[in-house]
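A look at the structure
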Amino acid sequence: MTRHVVATIDEIKPGGRKVVTIDDREIVIFNLNGDYVGILNRCPHQGGKLCDGVVTALITSNEPGQINYARPGEIIRCPWHGWFFDLRSGQSWGEPDRIKTRNYNVAVTGGNELVEGPYQAETIEVTTDQQYLVVET
Amino acid sequence: MNIHVSEAEAKKRAARIGLAIADGDVHPALPKPQAIYPYLSQRWRDHMDTYGMIPRHQYQAGPAYPKGNPDASRRDSYPPEGGRPGSSLSFMRAQHLDPNNVELGILNPLAPTPGNAQNLELSAALATAMNQWQLAEWLEPEPRLKGSIMPPYEDAAASVEEINKWAGNPHFAQILLLSRTAEPLGQRRYWPIFEAAANHNLPIAIHAFGYGGNPVTSGGWPSFYIEEMCGHAQCCQALLASMVLEGVFEHFPTLKIILVEAGFAWLPALTWRLDKHWAKFKGEIPHLKRPPSEVIREHVWLTTQPMEEPDIRRHLKDTWDWIGDDRLIFATDYPHWDYDDPIEALPIRLDDEPRRKLFRENARTVYGF
Ligand code: FES
């Protein structure tokens, strides 16, 4: 497992997102009100770039006429054909067991910890007084 | 909105596709409705400003059903310089033609579609304007793109005039109608259009959608957009049955029809049913000398997008085999939301030869390029 330092925590505001490239692979990092998550920037359906998608909610129904609107801000819709993906798990809503986009753990780590451990930070300069987002691949 | 088209990425993609491809359905758009004004006379500009174009489905400004995405488009397809998706030639080159190795892209402009206008004189003026606009702003600057002659198709006489004006111009590949016409398309009122097409050896593309004034499903106005999307299969079945059964192809034996954006897996079942009934009702339609399936195989091509995606992929291959691998033309529908990607969309494996047919040869045959 490799740890990659990709951003400082305040680079991505709540509700915001950032595309980072790790080993030629684009990953989109989201800030879900303080929780940071990452997904592969490639829709498993036909390859639309998920970073251009609209973030929405899980809209379900137990019966006609009744609607549950849950987890606003945590579901992304592919900018092409509109498949929905859970930002926390990468699972698709259409076929959760079969279709998912790869998801990544994003840890918030202090700069002081990072200067000690093995990590890769190609473009980010790490200082001990900052908090960083670290993606594991 | 971030737009992600790097030149390096585009080159990589084009190399992966390898083959130079034909795309049977590309949608250029006016950046805004008034962009057609330079091609309209002052009389019609004033008319558009004062009254607008009243479509055959009456007094509403936009489509009857909200689309899968705003402006029915991929969310990453807005040109960086502004304007509607599909309105910038340079961005279409960068996002679609170059990276997807498109050597022949057939333009199907949809807005405005002259045939949708209730006012027939406006319909004719818009038809000429849309044809001039395509030529000046798309076809002359970009030789990879070929245009559609757009006739004011609810007015057959005016349509013939418009077709005659453009036929023979090498920038135009086909005549474009939308599928929801005012009456079933095989009926006599449309025959002069078929005659002109046959005379000029131009295929007629029939693209899904349009405002004929009838509900978008055969059962009436449905509640959901998803029903409109599935309704295209019904609509195209009805128009194809009408054309075959009215004897259009008996009368115009060289006529070529391309059904665009209505799917294709429904076609075998339709022909089985038509053949079954034809055998019993020869007395009702004695002018139809051959089984409908035979007529359809000879005269009809289909673009593949939006491709059916059955769980058991070989079922798609079965319909493919039935329709014939020389009849299907690849199309992306760029920049619309249900775009089929040339690398990713094909759910089945094709050998080299059928692949070449799908991505290039069939289009060349039918459009004659
Ligand atoms: S590419 Fe994402 S839904 Fe099709």
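Above this text is the structure in question.
Residues numbered from 1 in each chain as written. Chains lettered and ligands numbered in written order. Predicted model: local features only at pLDDT ≥ 70, side-chain atom pairs only at ≥ 80, totals over all residues. Heavy atoms only, no water.

**Considerations on the side chain of B:T304**
Tracing the chain through its elements places B:T304 in the loop between β7 (300-303) and α11 (314-323). Setting aside residues no more than four positions away along its own chain, B:T304 makes contact with B:F264, B:W320, B:L328, B:I329, B:F330, B:A331, B:D340 and B:L358. (Helix = DSSP H or I, 4+ residues; strand = E, 2+ residues; numbered from the N terminus. Contact = heavy atoms within 4.5 Å.)

**A few points about helix α10 (residues 292-299) of chain B**
An α-helical turn contains 3.6 residues, so any two residues separated by three or four positions project in the same direction. Residue and element names in this part refer to chain B. Along α10, the residues classified as buried are P292, S293, V295, I296 and H299. End-on, the buried residues of α10 take up no more than an arc of 160°, which puts them together on one face. Contacts made by the buried residues of α10 are with α7 (225-246), α8 (248-251), β6 (257-260), α9 (267-280), β7 and α11. (Buried < 20%, exposed > 50% of the residue type's maximum accessible area, 1.4 Å probe, protein only. Arc of directions from axis to C-beta.)

**Let's talk about the interface of chain A and chain B**
Think of interface size as the accessible area that goes away when the parts come together; that is how it is often given. Taken together, the 12 residues of chain A in the interface contact 18 residues of chain B. Counting the surface lost from both chain A and chain B, the interface buries some 1400 Å², and carbon and sulfur atoms represent 40% of this. Of all residues in chain A, A:Q46, A:D52 and A:W80 bury the most surface against chain B, accounting for 44% of the area lost on that side. One salt bridge connects B:D311 with A:R98, and the closest N-O pair in it is separated by 4.0 Å. (Buried area = accessible area lost by both parts, 1.4 Å probe. Salt bridge = Lys/Arg side-chain N within 4 Å of Asp/Glu carboxyl O.)

**Some thoughts on the pattern of salt bridges**
Here the idea is simple: oppositely charged side chains can pair when their charged atoms come close. By the definition in use, this model includes 29 salt bridges over all chains. In this structure, the salt-bridge partner of B:R13 is B:D341, at a minimum N-O distance of 2.7 Å. Pair noted here: B:R13 is in helix α1 (residues 7-17) and B:D341 is in the loop between β8 (328-329) and α12 (352-367), with a separation of 328 residues, a long-range link. The class for B:D341 is buried, based on a relative accessible area of 1%. Overlapping salt bridges, with partners in common, bring together A:D35, A:R71, A:E74, A:D86 and A:R88 in one network.

**As for α11(B)**
Residues and elements named next belong to chain B. For α11, the full list of buried residues reads L316, T319, W320, W322 and I323. For α11, the arc enclosing every buried residue in end-on projection is 165°, short of the 170-degree limit, so these residues lie on one face. Next to the buried residues of α11 lie α9, α10, β7, β8 and α12. Among the residues trailing α11, G324 stands out with phi positive, at a value near 110°.

**Here's the deal with a nonpolar patch on the surface**
A surface patch of nonpolar side chains, amounting to about 430 Å² of accessible area, comprises A:I59, A:I67, A:Y69 and A:W93. Relative to the elements of secondary structure, A:I67 occurs in the loop between β5 (54-60) and β6 (68-77). (Patch = residues over 30% accessible without salt bridge, like charges linked within 9 Å, V, L, I, M, F, W, Y side chains within 5 Å. Areas by Shrake-Rupley, 256 points an atom, 1.4 Å probe, with all protein chains shown as cover.)

**What about the sheet that holds strand β4 (residues 35-40) of chain A?**
Residue and element names in this part refer to chain A. In space, the six strands of this open sheet follow the order β1-β9-β8-β4-β3-β2, with antiparallel pairing throughout. Both edges of this open sheet fall to β1 (3-8) and β2 (17-22), since each of them pairs with a single strand only. Neighbour-to-neighbour, the strand axes of this sheet turn through a mean angle of 35°, independent of strand direction. Pairing geometry for β2 and strand β3 (residues 25-32), over six bridges, is antiparallel. Bridge pairing in β3 links V19 to V28. (Pairing = 2+ DSSP bridges. Axes fitted to C-alpha atoms, helices over the stretch in contact; angles between N-to-C directions.)

So yeah, pure geometry; function would need other evidence.
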